[in-house]
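Structural description and commentary
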Amino acid sequence: MPGILRMSLLAGVLALGLATGAAEAKSPRSAGEVTCTVPKSPMIQILPKTAEIKYDYSKTTRQLTQQGSNTVNPYAASIDTTTGGLRSDAPKMRSNVKMGTLTYPGLKVGCIWYDTIEVNIDLNPVISIAKEFQKEPCKSAIIKHELKHVSVDREVMNKYANQIGQAVKAAVNQAGALGPFNINEMNAQQDRLMEHIQSAINSQQLALDKEMRQRQAQVDSLEEYEQVSKVCKDVVRKLR
C-alpha cells in the first residue's frame, strides 16, 4: 500500500525511536489462516529545518585553523588566512519510527508493519570570524563569503531531503506487512524493519556528500578568494 509522503522543505547522526501500538484479533483458528496486511497507508514525514545563524567573533586565526582541521563535518569549509572565516554546519538527522502490530495470542503469532516514519534534518549554522579580520569592510566581505556556504548547505539538504523521502517511501512499500511469525520474534522483526529504513536513508548519503563537497568547492573559488583578499589586503599582509 503506498505511503503518504509529506515534506516540509526549507532550507548524520541517526537516532531511531520506536513506539508500538498493539491490537488483538481472535477469529483465525490456525496460524495457516492468518494473512498479514497493512490496514492503512503509512505516514512518512521528512522535516528539514534550520536554526538562525550564530556568529562567533571570539577566536584567533590560529584557533579557527585548528577548529577547521579537527572538524568531523565532511562539508566544512577550511579556514584560510585569505578569508579569516569559518562556517560550520553539521546536519543532524533524527528518525522516529512507529510500528503497527496485530497479534493472535491464542495462536502465538503476530503481524507488524510501518505506521509512521518521521525524519528530522536539523541545520545549525555558525559563522566564525577571526579576531584579526573584524575591522570593516573586511568583516562584511568575509561574512558575505561564509553566507554563500550556508546557502549551499540549505540548498543541497533540501534536495536530498526530497530524495531521502522517496527512498524511505520505496522501502516502506517494499516491506509491506511482515508475518505471521511467532510472537517471540516481534522484537527481532521490529529491528529488521528499522534497519530497513536506516538503509534507505544511508542509500542517499554518498551522493549527498559528493554533491556537497563539489558545491562548497565552487564557493571557495580562486576568484572568490581574490575578491575577499583584496578587501582584507592589509590584514593578510600582516599575517604573512
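Look above for the structure.
Here is a short report on the structure shown in this document. (Residues numbered from 1 in each chain as written. Predicted model: local features only at pLDDT ≥ 70, side-chain atom pairs only at ≥ 80, totals over all residues. Heavy atoms only, no water.)

1. Concerning the layout of surface pockets
Of the volumes computed, that of the largest pocket is approximately 210 Å³. In terms of lining, the largest pocket is formed by 11 residues, of which the most central are Glu-132, Lys-135, Cys-138, Asp-234 and Val-235. Broken down by element, the residue count for the lining of the largest pocket peaks at 4 residues, all from helix α6 (residues 233-239). Among the residues forming the lining of the largest pocket, the class breakdown is 6 nonpolar, no polar and 5 charged. (1 Å grid on protein atoms, 1.4 Å probe; cavity = no way out; pocket = protein on both sides within 12 Å on 5 of 7 lines; lining within 4 Å. Points joined across faces, edges and corners; volume = space filled by probe spheres on them. Helix = DSSP H or I, 4+ residues; strand = E, 2+ residues; numbered from the N terminus. Nonpolar A, V, L, I, M, F, W, Y, C, P; charged D, E, K, R; others polar.)

2. Structural notes on the pattern of salt bridges
Applying the stated criterion across every chain yields a total of 7 salt bridges. Its salt-bridge partner being Glu-224, residue Lys-148 comes within 3.0 Å of it at the nearest N-O pair. Of the two residues, Lys-148 is situated in helix α2 (residues 138-175) and Glu-224 in helix α5 (residues 222-231); the sequence distance between them amounts to 76 residues. One salt bridge connects Glu-211 with Lys-159, and the closest N-O pair in it is separated by 2.8 Å. With Glu-211 in helix α4 (residues 205-219) and Lys-159 in helix α2, this pair connects stretches of sequence that are 52 residues apart. Accessibility expressed as a relative area gives 16% for Glu-211, which makes it buried. Judged by its relative accessible area of 37%, Lys-159 is partly exposed. (Salt bridge = Lys/Arg side-chain N within 4 Å of Asp/Glu carboxyl O. Buried < 20%, exposed > 50% of the residue type's maximum accessible area, 1.4 Å probe, protein only.)

3. Considering the pairing of strand β7 (residues 109-123)
Side-chain positions along a regular strand alternate between the two faces of the sheet. Burial analysis of β7 places 13 of its 15 residues in the buried class, which makes it a mostly covered element. Where strand β3 (residues 43-50) and β7 come together, 8 bridges link them in parallel fashion. Bridged to Ile-46 within β7 is Val-119. In terms of strand pairing, strand β6 (residues 92-104) meets β7 through 13 bridges, oriented antiparallel. If you follow Met-99 over to β7, its bridge partner there is Tyr-114. Where β7 lies against strand β9 (residues 177-182), 4 bridges are found, and the strand directions are antiparallel. Looking across to β9, one finds that Gly-110 is bridged to Phe-181. (Pairing = 2+ DSSP bridges.)

4. Focus on the state of the cysteines
Evaluated as defined, the whole model comprises 2 disulfides. Cys-36 shares a disulfide with Cys-111; S-S distance 1.9 Å. Judged by the sign of its S-S torsion, about -70°, the bond between Cys-36 and Cys-111 is left-handed. Of this pair, Cys-36 sits in the loop between β2 (14-24) and β3 while Cys-111 is found in strand β7, placing the two residues 75 residues apart along the sequence. As far as the burial class goes, Cys-36 and Cys-111 line up, both buried. At a sulfur-sulfur separation of 2.0 Å, the disulfide partner of Cys-138 is Cys-232. Between Cys-138 and Cys-232 the sulfur-sulfur dihedral comes to about 105°; the bridge is accordingly right-handed. Of this pair, Cys-138 sits in helix α2 while Cys-232 sits in the loop between α5 and α6, and the two are 94 residues apart along the sequence. Like Cys-138, the residue Cys-232 is buried in the burial classification. For the chain, numbering the cysteines in disulfides from first to last along the sequence yields the connectivity 1-2, 3-4. (Disulfide = S-S within 2.5 Å.)

5. Examining a nonpolar patch on the surface
Where nonpolar side chains cluster on the molecular surface, the patch consists of Tyr-55, Tyr-57 and Leu-147 and spans about 240 Å² of accessible area. Considering the arrangement of structural elements, one finds Leu-147 in helix α2. (Patch = residues over 30% accessible without salt bridge, like charges linked within 9 Å, V, L, I, M, F, W, Y side chains within 5 Å. Areas by Shrake-Rupley, 256 points an atom, 1.4 Å probe, with all protein chains shown as cover.)

6. Topic: the environment of Lys-54
Structurally, Lys-54 can be placed in strand β4 (residues 54-56). We classify Lys-54 as exposed; its relative accessible area is 58%. Along the sequence, Lys-54 and Asn-124 sit 70 residues apart, while their C-alpha atoms lie 8.1 Å from each other.

Nothing here speaks to function; it is geometry throughout.
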